[in-house]
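Chain by chain, the residues:
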Amino acid sequence: MKLYYTPRSHFSRKVRILLDAWSVPALLLDVGNVAERSSEVFGSNPLMRVPTWVDGATWIIDSDHIARYLTPRYDPEDAFGVLTDDVSLLNLRAVMNGVMASEVELILARRTGIDTDAYPRFDKIRSAITQGLDWLEANAVLFPERPSYAGFHLTCLWDHLVLYDLVALDHPRLRAIAARMSCLPFVAMSAPT
Ligand SMILES: N[C@@H](CCC(=O)N[C@@H](CS)C(=O)NCC(=O)O)C(=O)O
């Protein structure tokens, strides 16, 4: 089983935390620079993104879809709530994914030579990050107390924001949730550096 990823990819880390939680042996293939333009590098992902999961003849992309694929195999009881259809948790997931995608847009624009302070489009992307974070902070009570996929997801987002220092982080409830999740060894072991 193979996971195409990068060590700093927050989307990939969502999957890595589950693999580490369940001690699933997988070959991690670092694709290097995600700004590259070759789908082969990304495990044949036509969108040229990580993560990509390959399990024999099974090929699956998108972090949440990979998580959904893995859960019945390695955690049939779904202790982390990966398979939830709770509307509140789905909204948390959508906002976190949106903030993470906005971060990627900013980082890759800069990496490929765009001055992200020069265009209104990037102002909107920055606003989506800050408004998304503010919304998550205001709704922090929706995150389960116990270890959960939502909590792991937030930790991936939070640690990535800290690493890249894209926006001011004045969100004590989110910080506390990420700190609590990071006490779990299987969460801490994939923290980006
Ligand atoms: N919806 C996808 C997003 C994946 C994604 O955007 N990954 C980033 C790295 S964290 C990437 O590979 N970006 C390359 C690009 O956008 O060109 C998922 O959940 O897996």
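*Asks:* Just checking my understanding: could you explain the site of the ligand for this structure?
*Replies:* Taken together, Ser-9, His-10, Phe-11, Val-34, Met-48, Arg-49, Val-50, Pro-51, Asp-62, Ser-63, Val-104 and Leu-108 make up the full set of residues adjacent to the ligand. At a separation of 3.0 Å, a nitrogen atom of the ligand approaches a polar side-chain atom of Asp-62. A total of 510 Å² of accessible area belongs to the ligand in isolation, and the protein chains cover 83% of it. Contributing elements (two or more residues each) for the shell around the ligand: helix H1 (10–21) and helix H3 (87–111). By residue class, the composition of the shell around the ligand is seven nonpolar, three polar and two charged.

*Asks:* Help me out: how do you make sense of the side chain of Asp-78 in this one?
*Replies:* With respect to the helices, strands and loops of the structure, Asp-78 is situated in the loop between helix H2 (63–74) and H3. Buried charge without a partner: Asp-78 forms no salt bridge, and the closest opposite charge is Arg-93, 7.3 Å away. There is a polar contact of 2.9 Å between the side chain of Asp-78 and the backbone nitrogen of Leu-83. Setting aside residues no more than four positions away along its own chain, Asp-78 makes contact with Thr-71, Leu-83 and Thr-84.

*Asks:* Please explain the nonpolar core as it appears in this structure.
*Replies:* In summary, soluble globular proteins display a tendency toward joint burial of nonpolar side chains. Of all hydrophobic cores here, the largest spans 48 residues; its most connected members are Phe-143 and Leu-157. Taken domain by domain, this core gets at least three of its residues from each of domain 1 (2–74) and domain 2 (87–184). If you look at the next biggest cluster of nonpolar residues, it comprises five residues, including Tyr-4, Val-31, Phe-42 and Val-50.

*Asks:* Explanation requested: the state of the cysteines in the structure shown.
*Replies:* The bond known as a disulfide is covalent and runs between the sulfur atoms of two cysteines. In total, this model carries zero disulfides according to the counting rule given. The thiol of Cys-156 is unpaired, and the distance to the nearest cysteine sulfur, on Cys-183, comes to 15 Å. Cys-156 gets classed as buried once you look at its relative accessible area, which sits at 1%. Among the residues examined, Cys-183 registers a relative accessible area of 64% and is labelled exposed.

*Asks:* What should I look at first to understand the packing of H1 against helix H5 (residues 149–164) in this one?
*Replies:* Each pair of packed helices gets described by two things: the angle between the helix axes and the distance between those axes. With their axes 9 Å apart at the nearest point, H1 and H5 run at an angle of 140 degrees to one another. In terms of axis orientation, H1 runs oblique to H5. In this structure, the crossing between H1 and H5 has a hand that is right-handed. Residues His-10, Arg-13, Lys-14, Ile-17 and Leu-18 of H1 form the contact with H5, whose own contacting residues are Tyr-149, Phe-152, His-153, Thr-155, Cys-156, Asp-159 and His-160. Considering only residue class, the contact of H1 with H5 consists of five nonpolar, four polar and three charged.

*Asks:* Before we go on, may I ask you to explain the pairing of strand S1 (residues 2–5) in this structure?
*Replies:* Each regular strand displays side chains that alternate between the two surfaces of the sheet. With four bridges connecting them, S1 and strand S2 (residues 27–30) associate as parallel partners. Across the sheet, the residue bridging to Tyr-5 is Asp-30, located in S2. Between S1 and its parallel partner S2, the chain crosses via H1, and the hand of that crossover is right-handed. Two strands pair when backbone bridges link them, and S1 and strand S3 (residues 52–55) are joined in this way by three bridges, in the antiparallel orientation. Across the sheet, residue Tyr-4 finds its bridge partner in S3, namely Thr-52.

*Asks:* Help me out: how do you make sense of the pattern of salt bridges in this one?
*Replies:* When their charged atoms lie close together, side chains carrying opposite charge are able to pair. Scanning the entire structure with this criterion turns up five salt bridges. The salt bridge partner of Asp-159 is Arg-13, with a shortest N-O separation of 2.8 Å. In this pair, Asp-159 is assigned in helix H5 and Arg-13 in helix H1, connecting sequence segments 146 residues apart. Grouping residues by exposure puts Asp-159 and Arg-13 together as buried. Glu-137 is the salt-bridge partner of Arg-173, the closest N and O atoms lying 3.6 Å from each other. Within this pair, whereas Arg-173 is found in helix H6 (residues 172–182), its partner Glu-137 is found in helix H4 (residues 120–138), the two being separated by 36 residues in sequence. The class of Glu-137 is buried, set by a relative accessible area of 9%. Among the ionic contacts, a cluster of salt bridges with common partners joins Asp-117, Asp-123 and Arg-126.

The rules behind each value
Residues numbered from 1 in each chain as written. Predicted model: local features only at pLDDT ≥ 70, side-chain atom pairs only at ≥ 80, totals over all residues. Heavy atoms only, no water. Near = heavy atom within 4 Å. Polar contact = N/O pair within 3.5 Å; in protein donor to acceptor, adjacent residues only side chain to side chain. Areas by Shrake-Rupley, 256 points an atom, 1.4 Å probe, with all protein chains shown as cover. Helix = DSSP H or I, 4+ residues; strand = E, 2+ residues; numbered from the N terminus. Nonpolar A, V, L, I, M, F, W, Y, C, P; charged D, E, K, R; others polar. Buried < 20%, exposed > 50% of the residue type's maximum accessible area, 1.4 Å probe, protein only. Lys, Arg positive; Asp, Glu negative; His and termini not counted. Salt bridge = Lys/Arg side-chain N within 4 Å of Asp/Glu carboxyl O. Contact = heavy atoms within 4.5 Å. Core = buried A, V, L, I, M, F, W, Y, C linked by side-chain atoms within 4.5 Å. Domains from an automatic or database assignment. Disulfide = S-S within 2.5 Å. Axes fitted to C-alpha atoms, helices over the stretch in contact; angles between N-to-C directions. Parallel < 35°, antiparallel > 145°, perpendicular 65-115°, else oblique. Left-handed = near helix turned anticlockwise from the far one by under 90°. Pairing = 2+ DSSP bridges. Right-handed = clockwise from strand over helix to strand, strands pointing away.

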